[in-house]
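Commentary on secondary and tertiary structure
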Amino acid sequence: MEKHITSLISQSFGKFANKEFPHWFQKIINNSYVKLMGLDMSEFHEPNTYKSLNKLFTRTLKEPRHYSLDASDFISPCDSWISELGRVQDNYALQIKGMRYKVNELLGENFSDEEKAVVEGGEFINFYLSPSDYHRYHIPTNLKVLKAVHIPGKFYPVNVPSLQKRLNLFIENERVVILCETTEGKKFYMVLVSALNVGVMQVSFEPRIQTNADVTTPQVYEFENTYLNKGDDFGCFEMGSTIVIVSEKDMFKEINIKMDDKVKFGQTIAKLNN
């Protein structure tokens, strides 16, 4: 597909965000962004220590967060707002209340019908990361990565006004779809969805994935022995965006969050079936 204007805007913003200005000017940029967006920096270094705006976006925690090591506890992969959650019914999930889309189209054409069918009757959870949130994402449970597909697309905003007016926004936007398997053998997908000004979605276990680049067709990566542990940092958005988790039926014994909740990385949000 040809580059969309939203891609060009995001690339231009990315160049600005990556530029390391003289310290005095970078300090103004960083402090202004923190004040404008209302960032809580209590778990991070001082804003003026980051050499670019992008380094501030992708900041790491000063101290690791504690989370449950119980194998049945499924933790939030990120700091975010739960914009929607529910059950996949007749291949449909909700983008936001009243706006549904086909899950098969979200996952794309590079997964087999059998691979996509496992989530029918399963659960979906939408995690929206605002520009003020911690932008890194983590592994929610011990798992094996089976496959990842980078699907080029547009970079429409994924905030509430945009979600409410643009049908199939998640399907139109660029995304990385990751098929995972829990230690109990249940499959689920983690879908990283781009947004306006998200120049890059990093995927540390597969550095060949280069988003908002010159890729015009889906790129498929298959894995044999890639195991990741709960809490592992596996990348970040270079600005706010969305993660969608779609699970196999009966993967979860219970889900302990609801729509409109604010969640933090490390928080137990669900129990897995043994």
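Since the model is a prediction, treat every value here as computed from it, not as a measurement. (Residues numbered from 1 in each chain as written. Predicted model: local features only at pLDDT ≥ 70, side-chain atom pairs only at ≥ 80, totals over all residues. Heavy atoms only, no water.)

Another point: the sheet that holds strand E2 (residues 80-87). With antiparallel pairing, eight strands are arranged side by side in an open sheet as E10-E7-E8-E9-E12-E5-E2-E14. The strands lining the two open edges of the sheet, one partner per strand, are strand E10 (219-228) and strand E14 (262-263). Note: strand E5 (residues 123-129) against strand E12 (residues 241-247), six bridges, orientation antiparallel. The partner of Ile-125 across the bridge, within E12, is Ile-245. (Pairing = 2+ DSSP bridges. Helix = DSSP H or I, 4+ residues; strand = E, 2+ residues; numbered from the N terminus.)

Attention shifts here to the sheet that holds strand E1 (residues 73-75). Taken in spatial order, the three strands make up an open sheet running E1-E15-E13, and their pairing is antiparallel. Only two strands of the sheet have a single partner each, and these edge strands are E1 and strand E13 (252-255). Each strand axis lies, on average, 30° off the axis of its neighbour in the sheet, ignoring direction. (Axes fitted to C-alpha atoms, helices over the stretch in contact; angles between N-to-C directions.)

Looking now at the pattern of salt bridges. Scanning the entire structure with this criterion turns up 13 salt bridges. The shortest N-O distance in the salt bridge between Asp-133 and Lys-262 comes to 3.4 Å. A residue pair is termed long-range when its members are at least 10 positions apart, and Asp-133 in the loop between E5 and strand E6 (136-138) and Lys-262 in strand E14 qualify at 129 residues. In this structure, Lys-186 and Glu-248 form a salt bridge, with 4.0 Å as the shortest nitrogen-oxygen distance. Of this pair, Lys-186 sits in the loop between strand E8 (175-182) and strand E9 (187-193) while Glu-248 sits in the loop between E12 and E13, placing them 62 residues apart in sequence. (Salt bridge = Lys/Arg side-chain N within 4 Å of Asp/Glu carboxyl O.)

This model, assessed by the stated rule, comprises 14 aromatic pairs. Judged by centre distance (5.2 Å) and plane angle (85°), the ring pair of Phe-21 and Phe-25 falls under edge-to-face. Under the relative-accessibility criterion, Phe-25 is labelled partly exposed at 30%. Between Tyr-137 and Phe-237, the aromatic rings sit 5.0 Å apart at their centres with planes inclined by 70°, giving edge-to-face as the arrangement. (Phe/Tyr/Trp six-rings, centres within 6.5 Å; stacked < 30°, edge-to-face > 60°. Buried < 20%, exposed > 50% of the residue type's maximum accessible area, 1.4 Å probe, protein only.)

This next bit is on the environment of Lys-55. Assignment of secondary structure puts Lys-55 in helix H3 (residues 53-57). Sequence separation of Lys-55 and Asn-18 is 37 residues, and the distance between their C-alpha atoms is 7.6 Å.

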